[in-house]
Amino acid sequence: MTLLEIKNLKKVYTARFSNQQTEALAAVNFSVEEGEFVSIMGESGSGKTTLLNIISTLDDATGGEVFLDGQPLSRIKDREVSAFRRNTLGFVFQDFNLLDNFTIKDNILLPLVLSKTPVAEMEARLTPVVRNLGIEAHINKFPYEVSGGQKQRVAVARALITQPKIILADEPTGALDSKASQNLMETLRGINETGQTILMVTHSTRAASYSKRVLFIRDGAVYHEIYRGHDSADVFMDRIAQSLKVLSSRGERDE
Ligand SMILES: Nc1ncnc2c1ncn2[C@@H]1O[C@H](COP(=O)(O)OP(=O)(O)OP(=O)(O)O)[C@@H](O)[C@H]1O
């Protein structure tokens, strides 16, 4: 079943003072099926963050539409948008976005507190999530008392706790060393294997190789896509690197 559908999405930024226009998204079209793990790659300035911001309802499109579960996001009323974002989407950012003055437990539970979830329900949801992510022993610590890799697991726990329809991850391994990145990507793959849909923007070929499909964006449009299929991680990584080479050489596709 199609979970996310992006139709002819267009975004033009107009500079505040000069009125100069930048076309960040020309016409983006793709869809994500329930249970997929999709990566988006592309050169700097190709429109990846813009795309993620519009899917996240943090920014408005200039044209086109994003449908989540068949519902057009542009029709969500302003007063309902925060609750929609909190209850339906899970976010993982490069720089973790944890609150330093909150314990790890309180960081993870924050979306549920904002949704006024009963305490017993919060506790019931917390236990399996922190156990699966291997951060059970740290929940009473503060973010500055744990490693970068553990912080990102906390961020993943916070994203999962609302049981979102989709997890949107923007460069989740960007601030991690290679060992922590690998651990995180194995975790995300495990989460995806339980049925969780994930859409991730990344510059890392290795990180992208954990997903099942990679979309390549160029000049504000989807230029190419490849599926992992039955490839090993190494073979898929080679194919991703090859596609990126073609993308940056501005040459013709070889598949
Ligand atoms: N608020 C803004 N106002 C004007 N132009 C913008 C704004 N945000 C982004 N742009 C422009 O839109 C284009 C796409 O930017 P975007 O940040 O989406 O790219 P990206 O693929 O995420 O890049 P990176 O990989 O460097 O993060 C770029 O030309 C950028 O300069």
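Whatever comes next refers back to the structure up there.
Below is a summary of the structure that appears in this document. As the structure is a computational prediction, the values presented were derived from the model and not from experiment.

Here is what the cut-offs are and how they apply
Residues numbered from 1 in each chain as written. Predicted model: local features only at pLDDT ≥ 70, side-chain atom pairs only at ≥ 80, totals over all residues. Helix = DSSP H or I, 4+ residues; strand = E, 2+ residues; numbered from the N terminus. Rg over C-alpha atoms; globule rule 2.2 N^0.38 Å. Buried ≥ 20, exposed ≤ 12 C-beta atoms within 10 Å, placed from the backbone. Near = placed C-beta within 6 Å. Pairing = 2+ DSSP bridges. Axes fitted to C-alpha atoms, helices over the stretch in contact; angles between N-to-C directions. Parallel < 35°, antiparallel > 145°, perpendicular 65-115°, else oblique. Left-handed = near helix turned anticlockwise from the far one by under 90°. Contact = placed C-beta atoms within 7 Å. Expected span 1.5 Å × (residues − 1). Core = buried A, V, L, I, M, F, W, Y, C linked by C-beta atoms within 7 Å.

**Description of the overall build of the chain**
Each helix and strand in the chain was counted, giving 8 helices and 10 strands. Whereas a compact globule of 255 residues would reach a radius of gyration of roughly 18 Å, the chain reaches 18 Å, a difference of no more than 12%. Expressed as a percentage of the 255 residues in the chain, the buried residues total 36%.

**Examining the site of the ligand**
Close to the ligand lie Tyr 13, Thr 22, Ala 24, Gly 42, Ser 44, Gly 45, Ser 46, Gly 47, Lys 48, Thr 49 and Thr 50, which account for all nearby residues. Only β2 (21–33) and α1 (48–55) provide two or more residues apiece to the shell around the ligand. The element best represented in the shell around the ligand is α1, accounting for 3 residues.

**Overview of the pairing of strand β9 (residues 213–218)**
Pairing of strand β3 (residues 37–42) with β9 involves 5 bridges; the strand directions are parallel. By the bridge assignment for β9, Gly 42 is matched with Ile 217. The turn linking β9 back onto strand β10 (residues 221–227) is made up of 2 residues, and Asp 219 within it adopts a positive phi angle of 50°.

**With respect to the packing of helix α3 (residues 104–114) against helix α5 (residues 148–160)**
For the pair α3 and α5, the least separation of the axes is 7 Å and the interaxial angle reads 30°. The orientation of α3 relative to α5 falls into the category roughly parallel. Crossing angle aside, the handedness with which α3 passes α5 is right-handed. Contact residues: Ile 104, Asn 107, Ile 108, Leu 110 and Pro 111 in α3; Val 154, Ala 157 and Arg 158 in α5.

**A few points about the sheet that holds strand β8 (residues 197–201)**
Strand order across the open sheet formed by 6 strands is β6-β7-β8-β3-β9-β10, with mixed pairing between neighbours. Each of the sheet's edge strands pairs with one partner strand only, and the pair in question is β6 (89–93) and β10. Strand-to-strand twist across the sheet, computed as the mean angle between neighbouring axes with direction ignored, equals 20°. Note: β3 against β8, 4 bridges, orientation parallel. When the sheet's bridge partners are listed, Val 38 is paired in β8 with Leu 199.

**Re helix α4 (residues 119–132)**
Its 14 residues place the ends of α4 21 Å apart at the C-alpha level, agreeing with the 20 Å of an ideal helix rising 1.5 Å per residue. Backbone geometry just after α4 places Gly 134 at a positive phi near 70°.

**Re the packing of α5 against helix α6 (residues 178–193)**
Where α5 contacts α6, the axes come no closer than 9 Å and their chain directions differ by 20°. If you check the angle between α5 and α6, you find them roughly parallel. Once α5 is placed against α6, the crossing between them reads as right-handed. Here Gly 148, Gly 149, Gln 152, Arg 153, Val 156 and Leu 160 of α5 come into contact with α6, specifically with Ala 180, Asn 183, Leu 184, Thr 187 and Ile 191.

**Concerning the nonpolar core**
Ala 157 and Leu 168 are the most contacted members of the largest nonpolar core, which totals 61 residues. Top contributing element to this core by residue count: α5, with 6 residues.

**A word on the sheet that holds strand β5 (residues 71–72)**
Sheet architecture is open: 4 strands sit in the order β2-β1-β4-β5, paired in antiparallel fashion. Each end of this open sheet is capped by a strand with a single partner; those strands are β2 and β5. As defined by bridge partners, strand β1 (residues 2–14) adjoins strand β4 (residues 63–68) across 5 bridges and the pair is classed as antiparallel. Each residue of the ladder has a partner; that of Lys 10, found in β4, is Gly 63. Most of the contacts of α1 go to β2, to which it runs at about 60°, and overall it touches β1, β2 and β4.

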